Amino acid sequence: MLAEIRQRETGSPPDKWSLSAPRPYCIETAVPRLRRMPHASNIVYCDGPDSPHAFDIVPIQPRKGSLDAMCPLCKGRGQWNTEIDLVSLRCKRTACDRCHGAGWVETGSDPVGLPDIEISPEGYPRWTLRFEPADEVTLIDPEKPGLSQT
């Protein structure tokens, strides 16, 4: 079938390989291009965690380890929507700078371990655990979601 289509398009007879070995189906030559169907959308942009649709379809994170209380900024979710389509529910999210995406914070004086990347002595990146004081609070910059100010 593919050999016949190729012969019709190019005007040349099919080569020996197209008849003897099965080839994958070629969408470009056999069928017209598929076009995307337009769909309705209602995109809402959220300025921060105080926006009305900031926590739509964002689940509460399970408590892990020794973190004590729900984050007061993201209310235990660890992230919020910066952009959400209310029709298809597709969204773009940003992580909370207060709890670093965990949804829970340390209320005591224990340091909090965060995953980080460092350069090894050989010059290659590697994963490590960085400890940060629990009382260090970062502020959210509403103009640049996901970026923090110190």
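Rules behind the numbers
Residues numbered from 1 in each chain as written. Predicted model: local features only at pLDDT ≥ 70, side-chain atom pairs only at ≥ 80, totals over all residues. Heavy atoms only, no water. Pairing = 2+ DSSP bridges. Helix = DSSP H or I, 4+ residues; strand = E, 2+ residues; numbered from the N terminus. Axes fitted to C-alpha atoms, helices over the stretch in contact; angles between N-to-C directions. 1 Å grid on protein atoms, 1.4 Å probe; cavity = no way out; pocket = protein on both sides within 12 Å on 5 of 7 lines; lining within 4 Å. Points joined across faces, edges and corners; volume = space filled by probe spheres on them. Buried < 20%, exposed > 50% of the residue type's maximum accessible area, 1.4 Å probe, protein only.

Draft legend 1. Representation of the sheet that holds strand β3 (residues 79–85). Spatially, three strands are ordered β1-β3-β4 in an open sheet, and the strand pairing comes out antiparallel. One side of each edge strand has no neighbouring strand; the edge strands of this open sheet are β1 (43–45) and β4 (91–95). With strand direction ignored, the average angle separating the axes of adjacent strands in the sheet is 30°. Relative to β3, β1 runs antiparallel, the two sharing three bridges. Considered in β3, the bridge of Y45 is made with E83.

Draft legend 2. Spotlight on empty space enclosed by the protein. The final tally for this structure, using the stated rule, is one cavity of 30 Å³ or more. Volume-wise, the largest cavity comes out at about 30 Å³.

Draft legend 3. Quick peek at the pairing of strand β7 (residues 125–132). Where strand β6 (residues 112–119) and β7 come together, eight bridges link them in antiparallel fashion. Paired with V112 across the strands is E132, a residue of β7. Counting the residues in the hairpin turn of β6 and β7 gives five residues, including G123, whose phi is positive at 95°.

Draft legend 4. A look at the environment of H39. As for its position among the elements, H39 is in the loop between α3 (27–30) and β1. Expressed as a C-alpha distance, the spacing of H39 and S88, which sit 49 residues apart in the sequence, is 8.9 Å.

Draft legend 5. Representation of the pairing of β3 within the structure. The element β3 is largely enclosed, with a buried count of six among its seven residues. Pairing geometry for β3 and β4, over five bridges, is antiparallel. Within the sheet, the bridge partner assigned to Q79 lies in β4 and is A95. Between β3 and β4, which pair antiparallel one after the other, the connecting turn spans five residues, and L89 there sits at a positive phi close to 65°.

No statement about biological role is implied by the geometric values presented.
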